[in-house]
Amino acid sequence: MLEDIFNVPTEIVIDGKIYKAEYDFKSYATLETLTGKGFYKLYNLLMVQNNLTLADSIEIICCAFLKHHSTNDVAHIREYLTNNLHAIKDVNAEVIGAFILPMLPPE
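Reading the values: rules and limits
The written sequence of each chain sets the order in which its residues are numbered from 1. Given that the model is predicted, a residue must reach a pLDDT of at least 70 before its local features are reported, and side-chain atom pairs must reach 80 or more before they are shown or counted; all residues, however, enter totals for whole chains, interfaces and linings. Side-chain calculation: all heavy atoms of the structure are included, whereas hydrogens and water are not. By convention in these notes, a salt bridge is any Lys or Arg side-chain nitrogen within 4 Å of a carboxyl oxygen on Asp or Glu. In DSSP terms, a helix is any run of H or I states spanning at least four residues, a strand is any run of E spanning at least two, and both are numbered starting from the N terminus. Remark: exposure states derive from per-residue accessible area (1.4 Å probe, protein chains only) relative to the maximum for the residue type, with buried under 20%, exposed over 50%, and partly exposed in between. By convention a nonpolar core is built from buried Ala, Val, Leu, Ile, Met, Phe, Trp, Tyr and Cys residues, the set being connected through side-chain atoms within 4.5 Å. We call two residues contacting when some pair of their heavy atoms lies within 4.5 Å.

(A) Summary view of the pattern of salt bridges. The final tally for this structure, using the stated rule, is four salt bridges. Where Asp56 meets Lys37, a salt bridge forms, and the shortest distance between an N and an O atom there is 2.7 Å. Here Asp56, found in helix 3 (residues 54-63), pairs with Lys37, found in the loop between helix 1 (25-35) and helix 2 (39-48); they are 19 residues apart in sequence, far enough to count as distant. The exposure class of Asp56 is buried, given its relative accessible area of 6%. You can call Lys37 partly exposed: its relative accessible area is 23%.

Shown next, in the form of structure tokens:
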């Protein structure tokens, strides 16, 4: 399997544990399935309109961890964020780079 040499996982601490966030095609496809919105619609809501729902924010965050973590880990993150909505803002700010980076052309 070829690795994308331009993508580097972002380490994020959630509930005292370090997780690696990185988007790949499977993560984007899962996100589109869970939210019913494509990448560009989510990008527009997140970056242009600044009007992303909490549910979509949680899914963007959780899908970032699919590549490096088990479904149990992702379920724990989803539950933690659902129960600690204040944590979404801090985590979302760190995940935005992992969400957008793979779609940008390399320098």
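(B) Highlighting unusual backbone geometry. For Asp15, which is not a glycine, the phi torsion comes out positive at approximately 55°. Mapped onto the secondary structure, Asp15 falls in the loop between strand 1 (10-14) and strand 2 (17-21). We classify Asp15 as partly exposed; its relative accessible area is 44%. Backbone geometry places Asn50, a non-glycine residue, at a positive phi of 50°. One can find Asn50 in the loop between helix 2 and helix 3.

(C) Seen up close, the nonpolar core. Within the largest apolar cluster, 29 residues are counted, with the highest numbers of intra-cluster contacts made by Tyr23, Ile61, Phe65, Ile77, Leu81 and Phe99. Looking at this core, the elements with two or more residues in it are strand 1, strand 2, helix 1, helix 2, helix 3, helix 4 (71-83) and helix 5 (86-100). Looking at this core element by element, the count peaks at seven residues for helix 5. Residues within four places of Tyr23 in sequence aside, it is in contact with Asn7, Tyr28, Leu31, Glu59, Ile60, Cys63, Ala64, Ala98, Phe99 and Pro102.

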